[in-house]
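Coordinates in review
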Amino acid sequence: MHADVATALRLQALDLRAAELRREIAALPKRILEIEKALEAHTRRLEMDRAALAANQRERKKIEGEIQMHQQKISRLRDQMMEAKTNEQYRAFQDEIAYFEQAIRKAEDQILELMLEADALEANVRKAEAALQAEKKSVEAEKEQARARTLADKEELARIEAERKEVAARLAPEVLSMYERLRSRHYPAGDVLAEARNGRCMGCMMTIRPQLFQDVKSGERVVCCETCRRILYAEEPPRDIEAEMSA
Ligand SMILES: [Zn+2]
């Protein structure tokens with residue numbers, strides 16, 4: 001392989017990895033925002049359940065107060081009834097007492113309903129509290145992980161950017177400018193080089209003229225695909241590149 005093609009391949013590998021890291025660095029805060037939003041929604045939901053439970057308890061206290069008032073009223077009426085002078089008066093007191101007794105029964109039914117509702121609400125609140133506790137822990141862990149990941153990504157990116165400078169400096173200026181031009185104008189995804197395999201450019205899948213294919217394989221000069229303009233490399237050397245990369 002031509003030395004400049006090997007160097008350009010290294011440059012491409014660095015650029016691809018740098019793009020991946022930048023995408024990840026940009027995506028992590030969004031992920032954090034998402035999980036924080038979910039946590040907020042669950043917290044609000046719990047607050048609503050707690051408010052419903054508190055309203056239920058207030059309502060129950062109110063009705064219990066009413067029952068007490070009715071009972072006091074009944075005991076006063078009973079006292080007054082003792083002093084009734086006529087049957088008519090007596091019956092009137094009886095009717096009034098029956099009215100308040102009926103009101104008490106109705107209130108007791110309401111309390112029973114409220115108690116059933118409270119049981120369900122309390123169960124909801126307890127369940128939500130436990131779930132929220134667990135969620136808070138996992139959100140914290142995930143945030144910590146994201147922070148660590150971002151830091152590691154940024155460090156790796158800095159190393160890659162430093163190495164890129166070195167690699168670019170090693171490249172023949174005309175090959176470097178060709179690479180940069182292809183990347184900025186045609187292949188922003190970073191696939192500036194293409195493998196030449198079985199007489200085809202693997203970038204655009206078009207056939208390469210036999211002479212050109214021969215030139216790619218011999219590595220005597222830098223060859224570009226005549227269709228897509230990508231810099232071509234022959235298929236066997238990538239293993240050497242791997243070795244060079246880890247060296
Ligand atoms: Zn091509």
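1. Details of the overall build of the protein
Regarding its fold elements, the protein presents 5 helices and 3 strands. Along the protein, from the amino end to the carboxyl end, the secondary structure elements read α-α-α-β-β-α-β-α. Across its three principal axes, the protein shows a C-alpha extent of roughly 130 × 35 × 25 Å. Counting contacts in the protein only where the partners sit at least 6 residues apart, residues at least 24 apart contribute 74% of the total.

2. A word on the nonpolar core
Core analysis: the largest hydrophobic core is formed by 23 residues, its most contacted members being Ala-8, Leu-193, Ala-196, Val-216, Ile-231, Leu-232 and Tyr-233. Counting residues per element, the ones that place at least two in this core are helix H1 (3–82), helix H3 (173–185), strand S1 (193–197), helix H4 (210–218) and strand S3 (231–234). At 5 residues, H1 tops the list of elements feeding residues into this core.

3. Structural notes on the domain arrangement of the protein
Many authors give the size of an interface as the accessible area that is lost as the parts come together. Segmenting the protein into domains produces domain 1 (12–170) and domain 2 (173–246). Just the C-alpha atoms count here: the centres of domain 1 and domain 2 sit 61 Å apart. Residue-level contacts link 6 residues of domain 1 with 5 residues of domain 2. Ranked by residue count, the leading element in the side of domain 1 that touches domain 2 is H1, at 5 residues.

4. Points about the sheet that holds S3
Hydrogen bonds between backbone atoms are what pair the strands of a sheet, whose relative direction is either parallel or antiparallel. Strand order in the open sheet formed by 3 strands is S2-S1-S3, and the pairing between neighbours is mixed. The open sheet has two edge strands with one neighbour each: strand S2 (200–201) and S3. As paired elements, S1 and S2 share 2 bridges and run antiparallel to each other. Bridged to Arg-197 within S2 is Arg-200. Each of S1 and S3 is contacted by H1, which is oriented at about 105° to S3, the strand it contacts most.

5. Describing the environment of Ala-26
Mapped onto the elements of the fold, Ala-26 is located in helix H1. Take Ala-26: there are 10 C-beta atoms within 10 Å of it, and that puts it in the exposed class. On a C-alpha basis, the gap between Ala-26 and Thr-150 in space is 9.0 Å, while along the polypeptide they are 124 residues apart.

6. Re H1
With 80 residues, H1 extends 119 Å from end C-alpha to end C-alpha; this agrees with the ideal 118 Å at 1.5 Å per step. Within H1, burial applies to Asp-4, Val-5, Thr-7, Ala-8, Leu-9, Arg-10, Leu-11, Gln-12, Leu-14, Leu-21, Asp-49 and His-70.

7. A closer look at the pairing of S3
The side chains of a regular strand alternate between the sheet's two faces. The side-chain alternation of S3 yields two buried faces, one formed by Ile-231 and Tyr-233 and the other by Leu-232 and Ala-234. In the sheet, S1 pairs with S3 via 4 bridges, with the strands oriented parallel. Bridging across to S3, Ala-196 finds its partner in Ala-234.

8. Some words on the packing of H1 against helix H2 (residues 87–170)
At their nearest, the axes of H1 and H2 sit 5 Å apart, and the two run at 165° to each other. In this view, H1 runs roughly antiparallel relative to H2, as classed from their interaxial angle. Judged by the sense of rotation from one axis to the other, the crossing of H1 with H2 is left-handed. Looking at the contact of H1 with H2 residue by residue, the class counts come to 37 nonpolar, 11 polar and 32 charged.

Quick notes on the rules
- Residues numbered from 1 in each chain as written.
- Predicted model: local features only at pLDDT ≥ 70, side-chain atom pairs only at ≥ 80, totals over all residues.
- Helix = DSSP H or I, 4+ residues; strand = E, 2+ residues; numbered from the N terminus.
- Contact = placed C-beta atoms within 7 Å.
- Core = buried A, V, L, I, M, F, W, Y, C linked by C-beta atoms within 7 Å.
- Buried ≥ 20, exposed ≤ 12 C-beta atoms within 10 Å, placed from the backbone.
- Domains from an automatic or database assignment.
- Pairing = 2+ DSSP bridges.
- Axes fitted to C-alpha atoms, helices over the stretch in contact; angles between N-to-C directions.
- Expected span 1.5 Å × (residues − 1).
- Parallel < 35°, antiparallel > 145°, perpendicular 65-115°, else oblique.
- Left-handed = near helix turned anticlockwise from the far one by under 90°.
- Nonpolar A, V, L, I, M, F, W, Y, C, P; charged D, E, K, R; others polar.

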